[in-house]
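Spelled out from the first residue to the last, the chains are:
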Amino acid sequence: MTEYTSESTGAPAGDATEQRRPSASAPSSGTGRRKQAIARVRIIPGTGVWKINGRTLEDYFPNKVHQQEVNDPFTVLELDGAYDVLVRVHGGGPSGQAGAVRLGVARSLNAVDEELNRASLKKAGFLTRDARVPERKKAGLKKARKAPQYSKR
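Read on for a plain summary of the structure.

Conventions adopted
- Residues numbered from 1 in each chain as written.
- Predicted model: local features only at pLDDT ≥ 70, side-chain atom pairs only at ≥ 80, totals over all residues.
- Heavy atoms only, no water.
- Helix = DSSP H or I, 4+ residues; strand = E, 2+ residues; numbered from the N terminus.
- Buried < 20%, exposed > 50% of the residue type's maximum accessible area, 1.4 Å probe, protein only.
- Contact = heavy atoms within 4.5 Å.
- Areas by Shrake-Rupley, 256 points an atom, 1.4 Å probe, with all protein chains shown as cover.
- Expected span 1.5 Å × (residues − 1).
- Polar contact = N/O pair within 3.5 Å; in protein donor to acceptor, adjacent residues only side chain to side chain.
- Pairing = 2+ DSSP bridges.
- Axes fitted to C-alpha atoms, helices over the stretch in contact; angles between N-to-C directions.
- Arc of directions from axis to C-beta.

## Re the overall build of the protein chain
Along its length, the protein chain carries five helices and four strands. Helices (α) and strands (β) of the protein chain occur, in sequence order from the N terminus, as α-β-β-β-α-α-β-α-α. Taken across its 153 residues, the protein chain has 32% of its residues classed as buried. Taking contacts inside the protein chain between residues at least 6 apart in sequence as the whole, the part at least 24 apart equals 67%. Carbon and sulfur atoms make up 50% of the accessible area of the protein chain, which amounts to about 9900 Å² in all.

Now the structure itself:
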């Protein structure tokens, strides 16, 4: 019995990786939030160029851990270099912003092809919003829970 394969990869014709190629559809967008950071992410089929607040990925996130974190959704879906990513992010610090960008990228990839991408993104935990936010400062305290030093006399 002969098995039909695609000429380009040599893989079986109905393979999921073959179907996972980016479609030349309209751009997709998603919003990500983490701690106090908010990221508006827009992905466009392209060559893998990152623009975060007008700067490159390496320039905006010099920490390799943060670079890897924002790239994780593409890695899981095996779409490295398939999309150009445009991001506007504000608020919070580098770690919160990286988490916000990751959620925004995952949501926009989910919007591109929900049927194909959602299961992988959900299993990796990229579609879950981390709801932990800083606790508010209470009256009479220095910070949210830190009280002034106790003085017996």
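There is more to say, and it comes next.
## A look at helix α3 (residues 64–76)
Over its 13 residues, α3 runs 18 Å from end to end, which matches the ideal 18 Å to within 8%, given 1.5 Å per residue. Of all the positions in α3, only H66, Q67, E69, V70, D72, P73 and F74 are classed as buried. Packing partners of the buried residues in α3 comprise β2 (37–45), β3 (50–52), α2 (57–60), β4 (83–90), α4 (94–112) and α5 (114–124). One side-chain oxygen at the N-terminal end of α3 lies 3.0 Å from the backbone nitrogen of V65; it belongs to N63. E78 sits one or two positions beyond α3 and adopts a positive phi of about 55°.

## Points about the sheet that holds β3
Pairing is mixed in the open sheet, where four strands are placed in the order β1-β2-β4-β3. Of all the strands in the sheet, the pair left with one neighbour each is β1 (28–34) and β3. Pairwise comparison of adjacent strand axes, ignoring direction, gives a mean angle of 15° for this sheet. Relative to β2, β1 is paired through seven bridges, and the arrangement is antiparallel. Opposite R33, over in β2, you have I38 as the bridge partner. Each of β2, β3 and β4 touches α3; the most contacted strand, β3, lies at about 140° to it. Across the sheet, α4 is in contact with β1, β2, β3 and β4; its angle to β1 comes to roughly 150°.

## Quick look at α5
Owing to its 3.6 residues per turn, the α-helix brings residues three or four apart onto one side. Burial in α5 covers these residues: L116, N117 and L121. Angularly, the buried residues of α5 cover 95° about the axis, an arc narrow enough to put them on a single face. Projecting away from the buried face of α5 at angles above 90 degrees are the exposed residues E115, A119 and K123. Just downstream of α5, G125 is the residue with a positive phi angle, here 85°.

No statement about biological role is implied by the geometric values presented.
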